[in-house]
Structures are given as structure tokens and as C-alpha cells.
Number of protein chains: 2
Amino acid sequence: MRPDTLGVVGLGAVGGSLAWQASLAGVPRVVGFSPRPAEGVAAVRAGAVTDLAPSIRFLCERADVVILATPPAATFQLLPRVARDLRAGALCTDVLLVKGRVAAAAGAAGLAGRFAGSHPAVSFARSGFAGAEPAAFRRALVYVTPVGTDDIAAREIADCWSSVFEADPVVLDPDDHDAVVAWTRHLPFVATALVARACAVHGPRGVTYGQEARDVTRGAMVPVDVARDVLLLNREAILAALDDLEETLGSFQQALRAGNTAALETWLTEASTWRRRLEP
Amino acid sequence: MRPDTLGVVGLGAVGGSLAWQASLAGVPRVVGFSPRPAEGVAAVRAGAVTDLAPSIRFLCERADVVILATPPAATFQLLPRVARDLRAGALCTDVLLVKGRVAAAAGAAGLAGRFAGSHPAVSFARSGFAGAEPAAFRRALVYVTPVGTDDIAAREIADCWSSVFEADPVVLDPDDHDAVVAWTRHLPFVATALVARACAVHGPRGVTYGQEARDVTRGAMVPVDVARDVLLLNREAILAALDDLEETLGSFQQALRAGNTAALETWLTEASTWRRRLEP
């Protein structure tokens, strides 16, 4: 669906970009809410929103589509309030990076039929409205995840992503989504942080780390609170992927310890072949 | 020492660059040897060498300094031949990435007093003389590693790196060198390959890996034979570092499995703080 009134809760980099892009795409009313007055003022000045809502309730009572562009704890707190205040026929989505627990919480809050989760695969260099970009979601991959077996709300939300934001939505079961991102996003992050943390605690002092080490560990600079929330939200799927990583490490150690050139070559070739297919 | 005659065995990217830079730096005679005639011709045409040697023996009998810019197996094979053919007062070095076994092999070949290892921390985008660059070693970090307790040859070789190649040599015990690079270079590579190999063997099919995953695994594209040789040459130090990596993985799994937010934050903060100090 293409809303007449879009409500965006949270006007940081994600919410600010969504509001801005919707305004530029011609959505008649884009109502924003931010707990930080300065973010709201910045969004109005940029033309990212047409109105600021004095409360989340005010926003929910007017919007056809409500996007919760809020951090994890706030999102989980807001779901029951949205369930209470959302007008008839309106839909809600969120933008958290993990979807299974959101779907469960939305179902528990009574939002089945009115909610589908979203995970837009877009990252921002800066946080806050100052980091918002008016075309951030164009051609972006967006996972849309139903609550339970309800595909109708999910299809409507997916249609909103493509018609308003020109994004490329993919509807996916929330638990399947979480299993996929455990591999595509969380495992690489853990490996990055693993090297950095091992170097920090066990590595030699006063030595020079070169470009490769810097490249491999760059991801460890993600803000600790963001990483912590995502890891805890997707705990089971990440732990399952880490069991596989541990087994992979074990097979490497075994081949190297034995000086087994053939096993080492096979192992390295599997890694290298997989990565070359991903180019660049 | 600054040689009158520099001998370079191997005219690939490393050897070709060394010869070329020495020629431009005014070394009167730069004698190259390559088992591949086309590489020798390319080096002559570029002005990288003043002479091509018909044999390694010919080169060793004339050079004041011989640099073995050859792959691991060839380097180990050449050390006894260099020991036999090197003229009185001349010195030899190599450019392998691991130094303990080179020092041991040079000592066993009777090169003590005439050899010190080198590890220039320079990488090349292309292999062969086509990848050679005439200023590749300027301001490069170069580890120089003595054989046994002989510091004199090491100091002479270090002086050659700074006076001819304008590099920044650091003299270091070969085993200490290997322990350092196990952390600074080999552990990051293994982690990179670990993620790629785990995804290849255990990961979900037909999913999209984003920028972070591509960045973290980019190192896995290193040629398999190069990686294999380095890993086997520095086996003990890498296995020791991997024990620490495994312990670090264990502490992460434990914190995540228990949902221990405080432990997870501490762990992530250690990783993040270490990496931020490395900026960029």
C-alpha cells in the first residue's frame, strides 16, 4: 500500500531518511515523532516531514502506515501502545535487524494482521537526523517478515517499501531471516571482534598491525550497545553458526598441527573459492 | 653496506622491484637471475638490471650482496648453493615472510656470518616482473633477522635496506619475528579464511552477503599456495595464537549463551577499544 499519511517514530538516520524519502516521493502527509526536539526541528527544516506529532498516540491515530524507526528496547516497549492506538485498517512495521522476537512480540501485543517486520539492509555512516539521506533506501534489499501465518500485512508492507521507497523487498519467515543474517552479518561481525579481542587480551605489545589486520578488524568499531543488542536478540541462531565456526577452526588446527598439506590446501581452496564467487 | 654489485635471484614483483630500485639508486651493477627468460628480458628493457646472470653460481661469484627473491621451496634449496658459491666478504639475504626456519636453514648450510633474513612488509597487487614497482620499498618496514647470535651481518643487511632502498629496517630475533607476524598477519588471515570456509561448508545457500561479510572475508582470496606455504612455515606460532583465539571464542559463546549482558559488553568493549586505537 501507498499511504496518504505516513507516521515515522524516531527521526534518527534511519527514520529521518525514511520520512525524507517519503516526502520527496510525494506522500501527502509525513508525520514524524522524535523524543529529541532538536531532531524534529532538523527534520522539519530539511522538509523531511510535513508535520511533527506531539505524541506517539497522536501519530498512531492519524497514520495509514506507522514505521517504528527506534532502537530495540524502545521498539519492544512501543508495540503494545501501537496495538492500542493504531487506527482501523492501518499497518505498522519496524526496522530492527533481528525479526523473530519482533514477530513474537507483535503477535503477543495483538498486532497480528496489522504488523509485519522490516529489515532494510542499509547502513549509515552517521547517527541522528544529521546522518539521514533522502535516497538511502532506493534499490536497497529489505527483508519483510510476517507475524505468524499472516501474509497479507506483509505483502502490503512490502508493497509500501517498493512503491514509496523504491526498495527491493523480500518476504521471508522471521526465523528464516534470523538464521540467514546470523550467517551473512552476525558471524562476520563476531569473527572481526574475535580477532580484535584476542589481539587486545593475548596479543604481543608494541607491534605494528598492517593493512590486512586493520581491514579484518574494522567491523569491531561498531558501537558496543548496538552490537550487544543485536547479538542478544539473535542469540540462538548466532550460537548455532558459531558451533559451525568452531568446527571449522578445529579442522584447520588439525590440518596445520599435522602438517597435512593436502588437507590444508582443500580447506584453503574451499574458503578461497567461496570468496571469489562473491566478488568484488 | 652499500654494494657495488647487487645480485637479485628471482625477478618477480619483489625481486624486480628490488633490482629496479637499486638501479635507480645508483648501484653500479645490478645482476639479475630469473629461471623465466621473459622476466629477465622485461627487467633489462625496464632498466631494472644492468646484467643478467646465466646461472645463480655466476651471480653469487660476482655480487657483494645477494638477495634471494624466490618462493619458499626455491629459497631453502638455494641456501646450500649460495653457501658454496658466495664470494669472500659478500652477504646474502632472503625475503620470505617467515624467518625462524630460514635462519635455521642458513645456519645449517654454513652461512652464519654471511646471512641475515629479511621480511619487507610490502605487498604487490600483481605477480611477476609486470607487478614490479621502482619505489616499492621506500619507507617500508623491513624486519631483518640474524642467524644465531651474529648481529654483524644483520646490521650490514639492515644498512643495505636503508642506504639503497630507503626502507626502515628493524633487527629482530627470527623466532620473535615469527611470533609477532603470527599475530599481526597470520591470525587475521586465518580468521578471514575461517569465516569464508564456514560459510562455504555450513552456510545457507542462495543468500546475499553484504559489504561487511565481503570486507571481512576479502583476505581469503590470497592464492592458496602462498597461504599454505606461510602457514606451514610458521606453524607453531600460529597454532599458539589460535589457542588464544579459541579461548576468546569460548568466552564469547559462554557470555552469549548465558545472556550475560555485562560480560558481553566487557568483551565487545575490549575488542572495540583495541581497534579504535589502531585507527584508521
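Residues numbered from 1 in each chain as written. Chains lettered and ligands numbered in written order. Predicted model: local features only at pLDDT ≥ 70, side-chain atom pairs only at ≥ 80, totals over all residues. Heavy atoms only, no water.

### Some points on the sheet that holds strand β5 (residues 91-94) of chain B
Strand pairing in a sheet takes place through backbone hydrogen bonds and is either antiparallel or parallel in direction.
All names here are of chain B.
Argument step 1. As summarised here, the arrangement of the five strands in space is β3-β2-β1-β4-β5, forming an open sheet in which the pairing is parallel. Each edge of the sheet is formed by a strand with only one pairing partner; in this case those strands are β3 (51-52) and β5.
Argument step 2. Of the pairings in the sheet, the one linking strand β4 (residues 65-68) to β5 comprises four bridges and is parallel in character. Bridging across to β5, Ile67 finds its partner in Thr93. (Pairing = 2+ DSSP bridges. Helix = DSSP H or I, 4+ residues; strand = E, 2+ residues; numbered from the N terminus.)

### So, the pairing of β4 of chain B
Residue and element names in this part refer to chain B.
Argument step 1. A two-sided burial pattern is seen for β4, the buried positions comprising Val65 and Ile67 on one face and Val66 and Leu68 on the other.
Argument step 2. Both strand β1 (residues 5-9) and β4 contribute to a ladder of four bridges, which runs parallel. Bridging across to β4, Val8 finds its partner in Ile67.
Argument step 3. The parallel pair β4 and β5, bridged by helix α4 (residues 72-85), forms a crossover whose chirality is right-handed. (Buried < 20%, exposed > 50% of the residue type's maximum accessible area, 1.4 Å probe, protein only. Right-handed = clockwise from strand over helix to strand, strands pointing away.)

### Structural notes on the relation of the copies chain B and chain A
Argument step 1. Relative to chain A, chain B is turned by 180° and slid 0.0 Å along the rotation axis, the superposed coordinates differing by an RMSD of 0.1 Å. Put plainly, the chains are arranged around a two-fold axis. Minimal C-alpha distance to the rotation axis in chain B is attained by Val216 of chain B, lying at 2.6 Å.
Argument step 2. Most of the interface of chain B is mirrored in chain A: 100% of its interface residues are interface residues there too. (Least-squares fit on C-alpha atoms with pLDDT ≥ 70 in both. Contact = heavy atoms within 4.5 Å.)

### Things to note about the confidence of the model for chain A
Regions with low pLDDT should not have their predicted coordinates read in detail.
Argument step 1. Across chain A, pLDDT averages 96, with 100% of residues at or above 70.
Argument step 2. As a predicted assembly, this complex carries a pTM of 0.86 together with an ipTM value of 0.87. (pLDDT = per-residue confidence, 0-100.)

### Digging into the pattern of salt bridges
Argument step 1. Scanning the entire structure with this criterion turns up 28 salt bridges over all chains.
Argument step 2. Between Asp85 of chain A and Arg57 of chain A there is a salt bridge whose closest N-O contact spans 3.6 Å. Linking Asp85 of chain A in helix α4 (residues 72-85) with Arg57 of chain A in helix α3 (residues 56-62), this pair joins segments that are 28 residues apart in sequence.
Argument step 3. Between Glu265 of chain A and Arg228 of chain B there is a salt bridge, with the nearest N and O atoms lying 2.4 Å from each other. Taken as a pair, Glu265 of chain A in helix α11 (residues 261-277) and Arg228 of chain B in helix α9 (residues 224-233) lie in two separate chains rather than in one.
Argument step 4. Overall, the relative accessible area of 17% leaves Arg228 of chain B in the buried class.
Argument step 5. Members of the salt-bridge network, linked through shared partners, are Arg57, Glu61, Arg62, Arg84 and Asp85 of chain A. (Salt bridge = Lys/Arg side-chain N within 4 Å of Asp/Glu carboxyl O.)

### Considering the sheet that holds strand β3 (residues 51-52) of chain A
All names here are of chain A.
Argument step 1. The sheet built from five strands is open, its strands ordered β3-β2-β1-β4-β5 with parallel pairing. Looking at the sheet topology across the chains shown, the edges are occupied by β3 and β5 (91-94).
Argument step 2. Examined bridge by bridge, strand β1 (residues 5-9) and strand β2 (residues 29-33) share five bridges and lie parallel to one another. When the bridges of β2 are listed, Leu6 appears paired with Val30.

### Observations regarding the interface of chain B and chain A
Argument step 1. The interface is formed by 73 residues belonging to chain B together with 74 residues belonging to chain A.
Argument step 2. Here chain B packs against chain A, burying approximately 7,400 Å² in sum over the two surfaces, 71% of which is carbon and sulfur.
Argument step 3. Put simply, chain B and chain A have six salt bridges between them.
Argument step 4. Of all the secondary structure elements, the ones that give two or more residues to the side of chain B that touches chain A are α7 (174-202), α8 (211-217), α9, α10 (235-257) and α11 (261-277) of chain B.
Argument step 5. If you tally residues by element for the side of chain B that touches chain A, the top one is α7 of chain B, at 19 residues.
Argument step 6. Of the residues in the side of chain B that touches chain A, the class split is 43 nonpolar, 13 polar and 17 charged. (Buried area = accessible area lost by both parts, 1.4 Å probe. Nonpolar A, V, L, I, M, F, W, Y, C, P; charged D, E, K, R; others polar.)

### Structural notes on the environment of Arg277 of chain A
Argument step 1. Tracing the backbone shows Arg277 of chain A in helix α11.
Argument step 2. A relative accessible area of 71% means that Arg277 of chain A is categorised as exposed.

### Here we look at helix α5 (residues 100-108) of chain B
Residue and element names in this part refer to chain B.
Argument step 1. Every buried residue of α5 is accounted for by Gly100, Val102, Ala103 and Ala106. Each buried residue of α5 sits inside an arc of 165° when the element is viewed along its axis, so together they form one side. Along α5, exposed side chains directed more than 90 degrees from the buried face belong to Ala104 and Ala108.
Argument step 2. Against the buried residues of α5 lie α4, β5, β7 (141-146) and α7. (Arc of directions from axis to C-beta.)

### Let's talk about the packing of aromatic side chains
Aromatic ring pairs are described here by two measures, namely the spacing of the ring centres and the angle between the planes.
Argument step 1. Enumeration over the complete set of coordinates arrives at 14 aromatic pairs over all chains.
Argument step 2. Between Tyr209 of chain A and Trp274 of chain B, the ring centres sit 5.0 Å apart and the planes meet at 90°, which makes this aromatic pair edge-to-face. Taken together, the positions of Tyr209 of chain A in the loop between α7 (174-202) and α8 (211-217) and Trp274 of chain B in helix α11 put the pair across two chains. We note that Tyr209 of chain A, like Trp274 of chain B, is buried.
Argument step 3. The ring of Phe58 of chain A is capped by Arg62 of chain A, whose NZ or CZ atom sits 3.6 Å from the centre of that ring. (Phe/Tyr/Trp six-rings, centres within 6.5 Å; stacked < 30°, edge-to-face > 60°. Lys NZ or Arg CZ within 6 Å of the ring centre and 35° of its normal.)

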